[in-house]
Every structure is written in structure tokens, then in C-alpha cells.
Amino acid sequence: MFGIEFVPEEPAVKIGYLAKLAEDVGFETIWITDHYNNRDVYTTLAVASLLTNRVRLGTGVTNPYTRNVAVTASSIGAINELSGGRAILGIGPGDKATFDIMGIEWDKPLTRVKDAVSAIRALLARERVSQAGMKGAQLKFNPGRIPIYLGAQGPKMLELAGAVADGVLINASHPDDFKFAVPVIRKGAEKAGRSPDDVQICAYASFSADKDRAKAANAAKIVVAFIAAGSPENVLDRHGIALEEARAISGSIAKGDFKSVMAGVTPRMIEAFSIAGTPEDCRARADELLKTGVTQIVVGSPIGPNRESAIKLIGKQIIGK
Ligand code: F42
């Protein structure tokens, strides 16, 4: 099964148009990212809801710091109503760098996400909620059933996802990352007395497809550079990437020297941190991921050197195969 990520860096109507295109070519879920400096995630989901008929639509992912959880329950409930029951709530600890700029303290992210999921589930069930700092909050409308997915990377967050979520969105593209993550999620589910098969596992991957392999790889470079620069040492080790190579890219990003950033991205980094290549290459990688226990491949930025033709190409030659 395939999903696709859109970043609301463009007007909601444009994303809605792309969401419809993605639906028409066979994608099953549309995920919209949430960062305060882009367009609002729920406005974008509302437009995408009205322009599509079948796809599921999710926040990919929101967080409990920039939005009060009662407001989140109300917002995703409204999207569920508008879309005829197609909403999914994706929630994670959020992006520390943007919180620092907003003056928001990132205290106890694991605990915060755990409490948020529990409170949102109760709110969506129309209970009166006195947890996660609330004092008797209750929705005045019936939002319907909404699955909750966690955005997770670290082992404790992955285990929590296994214990409490309907699914997990993992920012990774390589089978080795899932060989690590899937057993942790399954252990979390088993410890909580759930069936591990009840947790959907989504590879939220940097993806770039084109008939020309070199063009596809080149389009992925800038996204891969940021992933390499932000990866912890154990993840770099897992993929045989030297810490100095990744640090050199971070240094070039900090200086705004994008020529050096691009020059610093190695073929091994592209292999580790993206699914990039011809439709056949991408399909082969998708099949490898599905074998590790992944249930959904989320096609993330850049999608391809030319986004619209890449969406059509992926529909025809990757999803359709
Ligand atoms: N972030 C956004 O802000 N917007 C997005 O649109 C977005 C999309 C997205 C999609 C998929 C995905 O996987 C991640 C995405 N993210 C997005 C990033 C996400 O919000 C997180 O930043 C990212 O997933 C990293 O989170 P993590 O799973 O690595 O969790 C962090 C908090 C971590 O350090 N986890 C540790 C772990 O092992 O899992 C545990 C830390 C811990 O235990 N902390 C204790 C606690 O109680 O929280 C406190 C410890 C202490 O000493 O205080």
C-alpha cells in the first residue's frame, strides 16, 4: 500500500489538486506535515478532503506542544466529518528546532505524547477529560472513529507506538532501519497485550522517481543532505557513513554553502536515506521494505525531479506493479 506526503509550502488549493492527482493514480493515504511556518495543516486537509473522494487524509505529523490536545481532537474531528470518515491523526513529539524559535520548551516528549494519545482518544470518544492538564474538557460533537498514528524514531517512542497506536510513521527509507524498528514496535505491542499485527508500520521515506536514474538521485540530494546532517551517530554507523562526512554537511548547511552541501552527499548516503531511481529500482526497494514488516510506503519529498510527472509515473509503474 502507498501513501504520499505533501508539505504545505504551497497554497492549500495547490496541495488539494496534487492530492486529487495522487488519489487518481492509486495512492491510498495523503499525509500533510505540520510546522508552524508553513500553511496550517488542517486548512490544507480540509481542502484536500473536499477535492478527493476515497483517499484517507492524515496529519503527518502534528504534536502536543504547539496545539492543545483538546483543540487537536476538535480539528481532526472536523476533518473526519468533512471527509466522510477518512481522517487519521498522526502525532509525534515535534520538531525541536522550530519549538526553540517559538519559545516552546520541549519537556518530556515521550511522556507528553503518551498522555496526549490517551487524552485525545478519550476526547474522541466524547468523554469528559481531566488528564494531560485538562479539567473536564469535552467535545460537543461526535467526531467518529479516527485512527491515531505516532511519528517515531527513537526506541522508546517506537515501543510506545506499539503499545498505544494504530500505526507508526517512521522517517526512514532503508530496510536495515526497519529490521531495527519493527521488532521494537512488535515488542511494545506484545508487552501491552495487543496483537503486533494491529499496528500499521509506515516507511515515511524520502522518495525520488524518474526514468533517468541519475536525475532521480540528483533530485534526492538536498533532502538526503539534511537527513544525513541530522542523523544520530548510531544511525550513521548502521549505514557505514563516517561521522565526519555528515558533520561536514552540517557545517556547510550552517554556512549556507549549498554547493558544498550538494558536493558532500555521497552515493552511500542516497542509498541509505532515500528511495531514489527508476520505477524498477524504487519498486524493488519497496518490496524489500514490505518484507521487513512495513505495511505502507509513504512517498515523501522530493517525490521526483518533476513532481507531477513523478506522481503519475509512480502510479503507473510502481503502485500498479
Ligand atoms: N515533526 C514535525 O514537527 N512536523 C512534522 O510534520 C513531522 C513529520 C514526521 C513524520 C514522520 C516521522 O517519523 C517524524 C516526523 N516528525 C515531524 C518528527 C517527529 O515529530 C519527531 O521529532 C521525531 O520522530 C523524533 O522523535 P523520536 O521518536 O526520536 O523521539 C524523541 C523525543 C526521543 O528522544 N525519543 C527517545 C526514544 O528512545 O524514543 C526517548 C526520550 C525519552 O524517554 N524522554 C523522556 C520523556 O519522558 O519524554 C524524558 C527523558 C528526560 O531525561 O527528561
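Anything mentioned here points back to the structure above.
Computed from a predicted model, the values in this text were never measured in an experiment.

Visitor: Quick one: what's the story with the state of the cysteines, residue by residue and with numbers?
Guide: On inspection of all chains with the given rule, the structure shows zero disulfides. In this structure C202 is a free cysteine whose sulfur lies 18 Å from that of C282, the closest cysteine sulfur available. Relative accessible area serves as the criterion here: at 1%, C282 is assigned to the buried category.

Visitor: Outline the pairing of strand β4 (residues 87–91), supporting the account with residue identities and numerical values.
Guide: For β4, the tally of buried residues reaches five of five residues, placing the bulk of the element in the interior. Residues A87, L89 and I91 point to one face of β4 and I88 and G90 to the other, with burial holding for every one of them. The sheet contact formed by strand β3 (residues 56–59) and β4 spans two bridges and is parallel. Looking at β4, one finds that L57 is bridged to A87. Of the strand pairs in this sheet, β4 and strand β5 (residues 148–151) are connected by three bridges, and their pairing is parallel. Residue pairing for β5: L89 is matched across the bridge by I148.

Visitor: I'd love a proper account of unusual backbone geometry, names of residues and values included.
Guide: Among all residues except glycine, the phi angle is most often negative; among peptide bonds, the trans geometry is most common. The omega angle of the peptide bond from G60 to V61 is 0°, so this bond is cis rather than trans. Here V61 shows up in the loop between β3 and α3 (69–82). The peptide bond linking S301 to P302 adopts the cis configuration, its omega dihedral lying at 10°. On the secondary structure map, P302 appears in strand β9 (residues 296–303). The backbone of A132 shows a phi angle near 50°, a positive value even though the residue is not glycine. By the element assignment, A132 lies in the loop between α5 (109–124) and β5.

Visitor: Provide a residue-level description of the side chain of E10, including the pertinent values.
Guide: With respect to the helices, strands and loops of the structure, E10 is situated in the loop between β1 (2–6) and α1 (12–25). The class for E10 is buried, based on a relative accessible area of 18%. Within the structure, the side chain of E10 is placed 2.8 Å from the side chain of R307, a separation counted as a polar contact. Leave out the neighbours within four places in its chain, and E10 touches I15, L18, R39 and R307.

Visitor: Give a detailed account of the packing of helix α2 (residues 41–51) against α3, specifying residues and quantitative values.
Guide: Remark: α2 packs on α3, axes separated minimally by 9 Å, with the N-to-C direction vectors making an angle of 10°. Here α3 runs roughly parallel to α2, going by the angle between their axes. Counting all contacts with α2, which are made through Y42, L45, A46, S49 and L50, the residues of α3 involved are T72, S75, I76, I79 and L82. In terms of residue class, the contact of α2 with α3 is made up of seven nonpolar, three polar and no charged.

Visitor: Explain the layout of surface pockets residue by residue, including any values.
Guide: A volume near 170 Å³ is recorded for the second largest pocket. As for the second largest pocket, its lining consists of 13 residues, and the residues nearest its centre are E271, S274, I275, A276 and R285. Elements that contribute at least two residues to the lining of the second largest pocket include exactly α8 (213–230), α12 (267–273), β8 (275–277) and α13 (279–291). Tallying contributions element by element places α13 first for the lining of the second largest pocket, with four residues. Along the lines of polarity and charge, the residues of the lining of the second largest pocket split into six nonpolar, two polar and five charged.

Visitor: Describe in detail α2, supporting the description with residues and values.
Guide: One full turn of an α-helix is made of 3.6 residues, so residues set three or four places apart face in the same direction. The complete set of buried residues in α2 reads V41, Y42, T44, L45, A48 and S49. Buried residues of α2, seen end-on, are gathered within an arc of 155° and therefore sit on one face of the element. Those residues of α2 that are buried are in contact with α1, β2 (29–32), β3, α3 and β4. In this structure D40 caps α2, since a side-chain oxygen of it lies 3.3 Å from the backbone nitrogen of Y42.

Visitor: Describe the site of the ligand, and please don't skip the residues or the numbers.
Guide: Inspection of the region around the ligand gives 24 residues, with G94, L110, T111, Q153 and M157 positioned closest. Within the backbone of D34, an N or O atom sits 2.9 Å from a nitrogen atom of the ligand. Backbone polar atom of K156 to an oxygen atom of the ligand: 3.0 Å apart, as the coordinates give it. Against a free-state accessible area of 1,000 Å², the protein chains account for coverage of 74% of the ligand. Listing elements by their share of the shell around the ligand, those giving two or more residues are α5, α6 (155–164) and β6 (167–170).

Conventions adopted
Residues numbered from 1 in each chain as written. Predicted model: local features only at pLDDT ≥ 70, side-chain atom pairs only at ≥ 80, totals over all residues. Heavy atoms only, no water. Disulfide = S-S within 2.5 Å. Buried < 20%, exposed > 50% of the residue type's maximum accessible area, 1.4 Å probe, protein only. Helix = DSSP H or I, 4+ residues; strand = E, 2+ residues; numbered from the N terminus. Pairing = 2+ DSSP bridges. Polar contact = N/O pair within 3.5 Å; in protein donor to acceptor, adjacent residues only side chain to side chain. Contact = heavy atoms within 4.5 Å. Axes fitted to C-alpha atoms, helices over the stretch in contact; angles between N-to-C directions. Parallel < 35°, antiparallel > 145°, perpendicular 65-115°, else oblique. Nonpolar A, V, L, I, M, F, W, Y, C, P; charged D, E, K, R; others polar. 1 Å grid on protein atoms, 1.4 Å probe; cavity = no way out; pocket = protein on both sides within 12 Å on 5 of 7 lines; lining within 4 Å. Points joined across faces, edges and corners; volume = space filled by probe spheres on them. Arc of directions from axis to C-beta. Near = heavy atom within 4 Å. Areas by Shrake-Rupley, 256 points an atom, 1.4 Å probe, with all protein chains shown as cover.

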